[in-house]
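Reading the structure
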Amino acid sequence: MISLEYLRHVDAGPARAARERYRAGAVELTSGVAPGFTQANMIVLPRDWAFDFLLYAQRNPKACPVLDVSDPGSHETVLAPGADLRTDIPLYRVWRGGKLAEETPDATAAWAEHADLVSFLIGCSFTFETPMIEAGIEIRHITDGSNAPMYLTDQPCRPAGRLRGNMVVSMRPIPASRVADAATISGRFPAVHGAPVHIGAPELIGIDDLSKPDFGDPVRIEPGEVPVFWACGVTPQAAVMASGVPFAITHAPGHMFITDIPDSAYHA
């Protein structure tokens, strides 16, 4: 866990402004929003399932790098003082019996169904997109104003308790000459998925068609570009589906929680 003492000296205005928009009902993809501030995936579970997920995350840190865990019943996080996890994400998903039951810009009503919900904030690869852009590497889904493409692979995560499932990956087309740079830059951020888990040859990880992502939107792959895959924080949603979790709240893919933490805080 990073030290939060220096947050008193950070101007987190852009992150707070984004959360205020979402609390007011705005819905937007968050890739490229409040650049320089760490974004996080979220999964919220009843206390009865929280230990299983904490163990699942510990056993699968590449896909599920935990940044913060709330107390049972709390909807706050030290990563963004004053934020409300029930309202400050642009779009939520509510899961029942392992199936997607609802998408909503306000999870307050669903949250009220359980008094002991535990929230997990998980590192997001959007965090290292800003330094990649600063290094001159195009992030295609930001250029095109679309959601990042995400794929369910055939790579199993290590089970934990009642939870099981395969890894989800996000993909970014990278010029062949810049793949090593992309891997090096992202590798400096191990708390938010770090370096790629696979490069090229999508069929080797069970992806048959890059034009048909399981989550998000397809993106153009130009001549000379290579598909590069990073572990993705949507992996917990795959576990919810595969394990038939009775109740969960998550972010909708591509709609993240924006923290007050500068990206540089997670630079190894």
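The structure presented is a predicted model; accordingly, all values stated were derived computationally and were not measured.

**Notes on the environment of Gly82**
Looking at the element boundaries, Gly82 is found in the loop between strand 2 (66–69) and strand 3 (92–96). According to the relative accessible area criterion, Gly82 is exposed, its value standing at 71%. Taking C-alpha positions, Gly82 is 9.2 Å from Arg16, a pair spaced 66 residues apart along the chain.

**Brief notes about the side chain of Ser31**
Mapping Ser31 onto the fold places it in the loop between helix 1 (13–23) and strand 1 (37–46). Looking at Ser31, the relative accessible area reads 14%, which means it is buried. Among the polar contacts listed, one links the side chain of Ser31 to the side chain of Glu129, at a separation of 2.7 Å.

**Points about the pattern of salt bridges**
Evaluation of the coordinates by the stated rule reveals 14 salt bridges. Arg162 is paired through a salt bridge with Asp52; the nearest N and O atoms lie 2.7 Å apart. With a gap of 110 residues between them, Arg162 in the loop between strand 6 (150–156) and strand 7 (166–175) and Asp52 in helix 2 (residues 47–59) connect regions that are remote in the sequence. Taking relative accessible area as the criterion, Arg162 reaches 36% and is therefore assigned partly exposed. Close ionic contact of Glu225 with Arg140 constitutes a salt bridge, the shortest N to O distance being 2.6 Å. Of the two residues, Glu225 is situated in strand 9 (residues 225–231) and Arg140 in helix 5 (residues 140–144); the sequence distance between them amounts to 85 residues. The same class applies to Glu225 as to Arg140, namely buried. Salt bridges sharing partners connect three or more residues here, namely Asp48, Asp52 and Arg162.

**Side note on the packing of aromatic side chains**
Inspection of the entire model under this criterion finds four aromatic pairs. Between Phe53 and Phe120 the ring centres are 4.8 Å apart and the planes differ by 65 degrees, which places this aromatic pair in the edge-to-face class. Of the two residues, Phe53 is situated in helix 2 and Phe120 in strand 5 (residues 117–123); the sequence distance between them amounts to 67 residues. Taken together, the aromatic side chains of Phe53, Tyr56 and Phe120 make up a single cluster linked through ring pairs. It is Arg172 that lies over the ring of Trp230; its NZ or CZ is 5.1 Å from the centre.

**A word on the sheet that holds strand 8 (residues 198–199)**
Read from one edge to the other, the open sheet built from four strands follows the order 6-7-9-8, with strand pairing classed as antiparallel. One side of each edge strand has no neighbouring strand; the edge strands of this open sheet are strand 6 and strand 8. Each of strand 7, strand 8 and strand 9 touches helix 6 (residues 179–187); the most contacted strand, strand 9, lies at about 15 degrees to it. Strand contacts of helix 7 (residues 235–243): strand 6 and strand 7, with the helix running at about 145 degrees to strand 7, the strand carrying the most contacts.

**Some points on the environment of Pro65**
Along the chain, the position of Pro65 falls in the loop between helix 2 and strand 2. Looking at Pro65, the relative accessible area reads 8%, which means it is buried. Along the backbone, Pro65 and Cys124 are 59 residues apart, and their C-alpha atoms lie at a distance of 8.5 Å.

What counts as what
- Residues numbered from 1 in each chain as written.
- Predicted model: local features only at pLDDT ≥ 70, side-chain atom pairs only at ≥ 80, totals over all residues.
- Heavy atoms only, no water.
- Helix = DSSP H or I, 4+ residues; strand = E, 2+ residues; numbered from the N terminus.
- Buried < 20%, exposed > 50% of the residue type's maximum accessible area, 1.4 Å probe, protein only.
- Polar contact = N/O pair within 3.5 Å; in protein donor to acceptor, adjacent residues only side chain to side chain.
- Salt bridge = Lys/Arg side-chain N within 4 Å of Asp/Glu carboxyl O.
- Phe/Tyr/Trp six-rings, centres within 6.5 Å; stacked < 30°, edge-to-face > 60°.
- Lys NZ or Arg CZ within 6 Å of the ring centre and 35° of its normal.
- Pairing = 2+ DSSP bridges.
- Contact = heavy atoms within 4.5 Å.
- Axes fitted to C-alpha atoms, helices over the stretch in contact; angles between N-to-C directions.

None of this, on its own, says anything about what the molecule does.
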